[in-house]
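Coordinate inspection notes
What follows is each chain in one-letter form.
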Amino acid sequence: MQARMKNPAVVIPDAMSAILDVVKATRKGGVPETTLELVHLRASQINGCSYCVVGGALSAKKAGETDERLHAVAAWREAPYFTDAERAALALAEAATRLADRSDPVPDAVWDEAARHFDEPQLAALTLMIGVTNLFNRLNVTTQQVAGATW
């Protein structure tokens, strides 16, 4: 396997550092690191971004995530390993990633459940993490970045 080109955020000067600055900012929003990692992993699974799925699983492990929970992220609704707050974050990640799948992409019920568990800065951090993950997924899938490779 070979990528079509380098990741576009690496090709354009300053793009990667700007994107990574947003990621760094999300980590200051008060959401547990493992929750951010789960959100990143789930959105990457939905988008079929092997580069981000592999990298996200490794990053989640470094943040203290267990293999058992990582293996169950794709089926989080049926798995007993996640807190109510994590479930709300994962539901938000799925809705905000699958925007074209329904006429009301992020239903009030999904947002309201997330808002029960997270305050405004935390919701902002989650929303930014979901958005940046989707950006990376689209860059990597479009250019066929190889899972496990480095840019």
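Now for a description of the structure that goes with this document.

Conventions adopted
Numbering of residues starts from 1 in each chain and follows the order in which that chain's sequence is written. Given that the model is predicted, a residue must reach a pLDDT of at least 70 before its local features are reported, and side-chain atom pairs must reach 80 or more before they are shown or counted; all residues, however, enter totals for whole chains, interfaces and linings. The basis for every side-chain value is the complete set of heavy atoms in the structure, and neither hydrogens nor water enter the calculation. Secondary structure counts use DSSP, requiring at least four H or I residues in a row for a helix and at least two E residues in a row for a strand, with both numbered from the N terminus. Residue exposure (1.4 Å probe, protein chains only): buried if accessible area is under 20% of the type maximum, exposed if over 50%, otherwise partly exposed. In this description, contact between two residues means that some pair of their heavy atoms is separated by no more than 4.5 Å.

1. Let's talk about unusual backbone geometry
For Asp 14, which is not glycine, the phi dihedral falls at a positive 75°. Relative to the assigned elements, Asp 14 resides in the loop between helix 1 (8-11) and helix 2 (15-26). By relative accessible area, which is 62% here, Asp 14 ends up exposed. Backbone geometry places Gln 144, a non-glycine residue, at a positive phi of 55°. Here Gln 144 shows up in the segment after helix 8 (120-142).

2. Here's the deal with the environment of Thr 133
Tracing the sequence through the fold places Thr 133 in helix 8. Considered as a pair, Thr 133 and Ala 93 are 40 residues apart in the sequence and their alpha carbons are 9.7 Å apart. Beyond its immediate chain neighbours, meaning those up to four positions away, Thr 133 contacts His 40, Ala 43 and Ser 44.

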